[in-house]
Amino acid sequence: MIAAALAAIPAAAAVGQAADWRSTIVATADGGMAIGNPKAKVSLVEYGSMTCPHCREFARDGVPPLIANYVKTGKVRFEFRNFVLNGYDLAASLVARCAGPKRFFPATERIYAEQPKWIARIQATPPARMEAAKALPADKQIAAMAGIAGLKPLGVASGIPAARIDQCLADKDAAERLMAFARKAGAEQGVKGTPTFFLNGQRTEAHNWATLEPLLKKAL
């Protein structure tokens, strides 16, 4: 799994060993989180939604081999960009991004792994509680949605302090930036659904790891 793989990264490569690019993780100007060699031959961008089941499948089936076989060696740089589709997606995205680049991928993996459970909690929530959450001010509404879904404990389990998560969920500017990035992706790159993959700036028709990996191999 991603978290275990990242935890096993050595502090530095020994003399004569190839570089391990899994520890190079940065926030990008386009609102994403990127892992890997910034000069890699292939740049892979995924637009994903935290509430998307197909994105969850790619996180489970595609991201671990992608990082282990392509990112680690410096062949591919992988960037994930949150494409926010709804309020619960926004809350989950804010939790995942809360501690910055270094914890983003493990937190995202955990949120995806638990997606069926927290989506089920949302679906089982009484309508009155849902309406009460929607009636709150914007800075409290996102936190209320995170509470309904049970997202905060997932962030804590990923090593993000609870108090910090509260701050992130109340950050209206961060929320607006995420929504603005999604609007821009839709307007300028034609992103309409998730997951959507771009290879070296070109949109692909791939929709899962089985259809994406052959394109990666061809690009290399």
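Preceding this section is the structure that the text describes.
Residues numbered from 1 in each chain as written. Predicted model: local features only at pLDDT ≥ 70, side-chain atom pairs only at ≥ 80, totals over all residues. Heavy atoms only, no water.

1. Some words on empty space enclosed by the protein
Move 1: Summed over the entire model, instances satisfying the criterion amount to one cavity of 30 Å³ or more.
Move 2: Of the voids in this model, the largest cavity is the one considered here, and its volume is about 80 Å³.
Move 3: As for the largest cavity, its lining consists of 12 residues, and the residues nearest its centre are A59, V63, F80, T108 and Y112.
Move 4: Of all elements in the fold, only α2 (53-61), β4 (76-82) and α5 (101-113) reach the threshold of two or more residues within the lining of the largest cavity.
Move 5: Examining the composition of the lining of the largest cavity, we find that four residues originate from one element, α5, more than from any other. (1 Å grid on protein atoms, 1.4 Å probe; cavity = no way out; pocket = protein on both sides within 12 Å on 5 of 7 lines; lining within 4 Å. Points joined across faces, edges and corners; volume = space filled by probe spheres on them. Helix = DSSP H or I, 4+ residues; strand = E, 2+ residues; numbered from the N terminus.)

2. Re the packing of aromatic side chains
Move 1: Overall, the coordinates contain eight aromatic pairs when judged by the stated rule.
Move 2: Through pairs of rings, three or more aromatic residues link up here, namely F58, Y70, F197 and W209. (Phe/Tyr/Trp six-rings, centres within 6.5 Å; stacked < 30°, edge-to-face > 60°.)

3. Some words on the packing of helix α4 (residues 87-97) against helix α10 (residues 162-169)
Move 1: The contact between α4 and α10 brings their axes to 9 Å, and the two run at 135 degrees. Put simply, α4 runs oblique to α10. Read as a crossing pair, α4 and α10 show a hand that is right-handed. Residues A91, L94 and V95 of α4 lie in contact with α10, whose contacting residues are I165, C168 and L169. (Axes fitted to C-alpha atoms, helices over the stretch in contact; angles between N-to-C directions. Parallel < 35°, antiparallel > 145°, perpendicular 65-115°, else oblique. Left-handed = near helix turned anticlockwise from the far one by under 90°. Contact = heavy atoms within 4.5 Å.)

4. Details of the nonpolar core
Move 1: Membership of the largest hydrophobic core comes to 56 residues, with the highest contact counts inside it found for L66, F78, W118, L151 and L216.
Move 2: Apart from residues no more than four positions distant in its own chain, W118 is found in contact with M50, T51, Y88, A92, I111, A149, L151 and L154. (Core = buried A, V, L, I, M, F, W, Y, C linked by side-chain atoms within 4.5 Å. Buried < 20%, exposed > 50% of the residue type's maximum accessible area, 1.4 Å probe, protein only.)

5. Brief notes about the pattern of salt bridges
Move 1: Applying the stated criterion across every chain, the model contains eight salt bridges.
Move 2: Note that R183 is salt-bridged to E176, the shortest N-O span being 2.5 Å.
Move 3: The class for E176 is partly exposed, based on a relative accessible area of 36%.
Move 4: Among the charged side chains, a salt-bridge network with shared partners connects D30, E79 and R81. (Salt bridge = Lys/Arg side-chain N within 4 Å of Asp/Glu carboxyl O.)

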